[in-house]
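In case you want the letters, here they are:
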Amino acid sequence: MRLVNQIKKIKKTINRRRLSTKLMGISPNLALHISPIKSIAIEASSACNIRCLCCPVGNKAVEGRNMSPGDFANILDLLPPHIKLLSFSHRGDPTMNPRFPEIVNLAFKRGLETDIYTNGLTLDKYITDLVESGLTSIRIDLDGASEHSYLNYRIGSNFERVKSNVRLLVEARSKSKEKFPKKIRIMCVVTAFNENEIPEIQSMEESLGVDEVLFKTAITNYGTKFYRDISLQKGIAPANKAYRRAKRPKNFICPALWRGAILYNGDLQICTADFEGEYVIGNILREKSFEKVFYGKKARSIREQIIKQNAPLCKTCAVIDKDHFMKGINRKFAH
């Protein structure tokens, strides 16, 4: 009986999302009331310590600032109950904020699920704190089976140190009582540098003891907005077209409309690919309200631009689906 009820709940959720998608072009606010957002990105830090080829943050297009635990606690008070997951994965790397484990723990104490996305370079500084923080899942970039392929894309990182940090986290979790993080996953962006290493990458990640490896298509061009020398972005796309990001389909409805991001200072964005804050719709800390900002006049105007693909950023954006993972080569491991 319990399984039957769960299936009914899933079907109801799917139907709501389909109806919400159809209504998005007519009335964005109504669509978002029918199928409210379930997760939101939280910018623990807007800084990063490496320079990935296609990332504006590492190329210093974004000022590095950290969210304070006090501001985060106030943000938690303002979040609506339909938000169940906080993803610390916006512009910067959360490990750049020395107090990010404290921030994660605050969310855990409120009963929220949490996910961290990090390059893993300085993860060793926080291992003990992380396994005690209540973190639900962590995604760590490790896209390459060799130092050469990895550093071609993750400029300024350290291949062996990241691998060592993954091992340390896996070992610490196994020794802990509560077994946090519940999921340790590796993220691998497939590029021309590593496309021939996929079997080796799968084997390497399994040997590290992680739960899963996720392969993701690469964004190969952000245009000249963030790069004066566009040649930096050439040669990234894999030769195998099956590993390339597909073109945007007709009648595309951006999945970012069901997301959003809260910046380090409380600013709320609609677009999660908005690195310069052009689509900030208000500040929830100043307004002391999430709903007032999220459903406000400015939010409606920007959503209408995004739906019609009239927003300037939409013209160069590479988002075509919710996660861009390649299911055929992703792997889950049993340990």
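Above this text is the structure in question.
Residues numbered from 1 in each chain as written. Predicted model: local features only at pLDDT ≥ 70, side-chain atom pairs only at ≥ 80, totals over all residues. Heavy atoms only, no water.

Colleague: So what about the overall build of the protein? Which residues, and what values?
Modeller: Secondary structure assignment for the protein yields 11 helices and 12 strands. With 335 residues in all, the protein has 53% of them scored as buried. For the protein, the proportion of contacts with a sequence separation of at least 24, taken over those separated by at least 6, is 70%. Accessible area of the protein: about 16400 Å², with a carbon and sulfur share of 51%. (Helix = DSSP H or I, 4+ residues; strand = E, 2+ residues; numbered from the N terminus. Buried < 20%, exposed > 50% of the residue type's maximum accessible area, 1.4 Å probe, protein only. Contact = heavy atoms within 4.5 Å. Areas by Shrake-Rupley, 256 points an atom, 1.4 Å probe, with all protein chains shown as cover.)

Colleague: I'd like a description of the side chain of E197, backed by residues and values.
Modeller: Here E197 is to be found in the loop between strand 7 (183-190) and helix 8 (198-208). At 2.7 Å, the side chain of E197 and the side chain of S149 are in polar contact. Setting aside anything within four residues of it in sequence, one finds E197 in contact with G144, A145, S146 and S149. (Polar contact = N/O pair within 3.5 Å; in protein donor to acceptor, adjacent residues only side chain to side chain.)

Colleague: Which residues make up helix 4 (residues 100-109), and what values do they have?
Modeller: Residues of helix 4 that are buried include every one of F100, P101, I103, V104, N105 and A107, and no others. Tucked inside the fold, the buried residues of helix 4 contact helix 3 (69-78), strand 3 (85-88), strand 4 (113-118) and helix 5 (127-131). Looking at the residues trailing helix 4, positive phi occurs at G111, about 85 degrees.

Colleague: Summarise the packing of helix 3 against helix 4; cite the residues concerned and give the values.
Modeller: One can describe the packing of helix 3 onto helix 4 by two numbers: an axis separation of 10 Å at closest approach and a directional angle of 20 degrees. Our classification of the angle between helix 3 and helix 4 gives roughly parallel. In the crossing of helix 3 with helix 4, the sense of the turn from one axis to the other is right-handed. Residues P69, F72 and L76 of helix 3 touch helix 4, and the partners they reach there are E102, I103, L106 and A107. Looking at the contact of helix 3 with helix 4, its residues break down into 6 nonpolar, no polar and 1 charged. (Axes fitted to C-alpha atoms, helices over the stretch in contact; angles between N-to-C directions. Parallel < 35°, antiparallel > 145°, perpendicular 65-115°, else oblique. Left-handed = near helix turned anticlockwise from the far one by under 90°. Nonpolar A, V, L, I, M, F, W, Y, C, P; charged D, E, K, R; others polar.)

Colleague: Tell me about the side chain of D115, residues and numbers included.
Modeller: One can find D115 in strand 4. Take D115: its relative accessible area is 5%, and that puts it in the buried class. Engagement of the side chain of D115 in a polar contact is seen with the side chain of S137, the distance being 2.5 Å. Filtering out sequence-adjacent residues up to four positions away, D115 remains in contact with L85, L86, S87, F88, L135, S137, I138, R139 and R185.

Colleague: Now, about the environment of I306: what can you tell me, with residues and values included?
Modeller: In this structure, I306 sits in helix 11 (residues 297-307). Taking the relative accessible area as the measure of exposure, I306 reaches 9% and is therefore buried. Each C-alpha atom, one on I306 and one on C271, is 8.8 Å from the other, the two residues being 35 residues apart in sequence. If sequence neighbours within four positions are ignored, I306 has contacts with C254, L257, I270, A311 and C314.

Colleague: For the layout of surface pockets, give the residues involved together with the corresponding values.
Modeller: Empty space within the second largest pocket amounts to approximately 300 Å³. Taken together, 18 residues make up the lining of the second largest pocket; nearest its centre are T220, R245, A246, K247 and A318. Residues of the lining of the second largest pocket, tallied by class, amount to 11 nonpolar, 3 polar and 4 charged. (1 Å grid on protein atoms, 1.4 Å probe; cavity = no way out; pocket = protein on both sides within 12 Å on 5 of 7 lines; lining within 4 Å. Points joined across faces, edges and corners; volume = space filled by probe spheres on them.)

Colleague: Got a sec to walk through unusual backbone geometry? Specific residues and values, please.
Modeller: For the bond running from F180 to P181, omega is -5 degrees, close enough to zero to count as cis. Residue position: P181 is located in the loop between helix 7 (159-175) and strand 7. If you check the backbone angles, K288 has positive phi at about 55 degrees while not being a glycine. Looking at K288, the relative accessible area reads 65%, which means it is exposed.

Colleague: Tell me what's going on with the pattern of salt bridges, and back it up with residues and numbers.
Modeller: Oppositely charged side chains are able to pair whenever their charged atoms sit close together. Inspection of every chain in the model, using the stated rule, returns 11 salt bridges. Here R185 and D115 are joined by a salt bridge, their closest N and O atoms 3.6 Å apart. A residue pair is termed long-range when its members are at least 10 positions apart, and R185 in strand 7 and D115 in strand 4 qualify at 70 residues. Of the charged contacts in the structure, one is a salt bridge between D141 and R154, with a shortest N-O distance of 3.2 Å. Highlighted residues: D141 in strand 5 (residues 137-141) and R154 in strand 6 (residues 154-155), separated in sequence by 13 residues. The exposure classification of D141 matches that of R154, with both residues buried. Sharing partners across several salt bridges, the network here consists of D115, R139 and R185. (Salt bridge = Lys/Arg side-chain N within 4 Å of Asp/Glu carboxyl O.)

Colleague: Quick rundown of the sheet that holds strand 1 (residues 39-42)? Include the residues and the values.
Modeller: The 10 strands lie next to each other as 11-10-9-1-3-4-5-7-8-12, forming an open sheet whose pairing is mixed. Only two strands of the sheet have a single partner each, and these edge strands are strand 11 (280-283) and strand 12 (331-332). Bridging between strand 4 and strand 5 involves 4 bridges; their strand directions are parallel. Within strand 5, the position partnered with I116 by the bridge is I138. (Pairing = 2+ DSSP bridges.)

Colleague: Describe helix 7, with residues and values.
Modeller: An ideal rise of 1.5 Å per residue puts 24 Å on 17 residues; helix 7 measures up with 25 Å between its terminal C-alpha atoms. Buried positions along helix 7 lie against helix 5, strand 5, helix 6 (147-153), strand 7 and helix 8. Measuring from the side-chain oxygen of the N-cap residue of helix 7 to the backbone nitrogen of E160 gives 3.3 Å; that N-cap residue is N158. (Expected span 1.5 Å × (residues − 1).)

The values reported here are purely geometric and, on their own, carry no functional implication.
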